[in-house]
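Okay, here's what each chain looks like letter by letter:
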Amino acid sequence: MNVNDQQRTRISASISHLNVQPLANVNFSLSVGTAVPRDVRLQPLPTEVVEIVPQYRGYDFVLVKDEIVIVEPSSYKIVAVMPYSGRSTAAAPARTEQRKVTFSDRDREVIRKQAKARPVERERSTTGSTVRTEIRTGERVPEGVEIEAFPEEVYRDAPTLREYRYINRDSRTYIVEPHERRIIEEID
């Protein structure tokens, strides 16, 4: 199946909207015709991809580092390998902290405008004592704290933020990388 560059880019983009964690190490060759081991968890290709390349209907995929590996589900054979540029976190999660995500001033402005328009999360108090959780850039958001998707207007005005979530605390907004629940930037 021949897929042109434009189709590859669109496939990569539609897969990037799924929250699929790429595999860092695999013990099989990423080449067409290779059978993927049965213990590798495959994901069904999203409908958008089938609309781009109808021949892929019913096929599965797995992300390996920065490659999309498309697999024929009955034989587990690789039918296509294409570059995946959808996420900047293609590296193993341990390296995330060194990765500096940079948002433009315009992105920050959009967040300030939209996040301020929404009510700030209030601390829940238990038997009179307020539960405080310190929140710092680079740290994980505690499990009890709900992270939210930005309003659709934010994604429209600042599409680079689509893969991120946020929380409001006091008068600050924190941008969160949802896979690891790690705070990557504070905006006040």
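Our structure's up above, just so we're on the same page.
A few points on the structure. The structure presented is a predicted model; accordingly, all values stated were derived computationally and were not measured.

Let us now look at the sheet that holds strand β10 (residues 182–187). In space, the four strands of this open sheet follow the order β7-β8-β9-β10, with antiparallel pairing throughout. Whereas interior strands pair on both sides, the edge strands pair on one side only; in this sheet they are β7 (148–149) and β10. Judged from the two bridges that link them, β7 and strand β8 (residues 165–169) form a sheet pairing that is antiparallel. Note on β8: the bridge partner recorded for Glu148 is Tyr166.

With five of six residues buried, strand β9 (residues 172–177) is to be regarded as a mostly interior element. Alignment of β8 against β9, held across five bridges, turns out to be antiparallel. Within β9, the residue paired with Ile167 across the bridge is Tyr174. Turn length for the β8-β9 hairpin, with the two strands adjacent in sequence and antiparallel, is two residues, and the turn residue Asp170 shows positive phi of about 50°. As defined by bridge partners, β9 adjoins β10 across five bridges and the pair is classed as antiparallel. Looking across to β10, one finds that Thr173 is bridged to Ile187. Between β9 and β10, which pair antiparallel and follow one another directly, the connecting turn spans four residues, one of which, Arg181, has a positive phi of 55°.

Rules behind the numbers
- Residues numbered from 1 in each chain as written.
- Predicted model: local features only at pLDDT ≥ 70, side-chain atom pairs only at ≥ 80, totals over all residues.
- Heavy atoms only, no water.
- Pairing = 2+ DSSP bridges.
- Helix = DSSP H or I, 4+ residues; strand = E, 2+ residues; numbered from the N terminus.
- Buried < 20%, exposed > 50% of the residue type's maximum accessible area, 1.4 Å probe, protein only.

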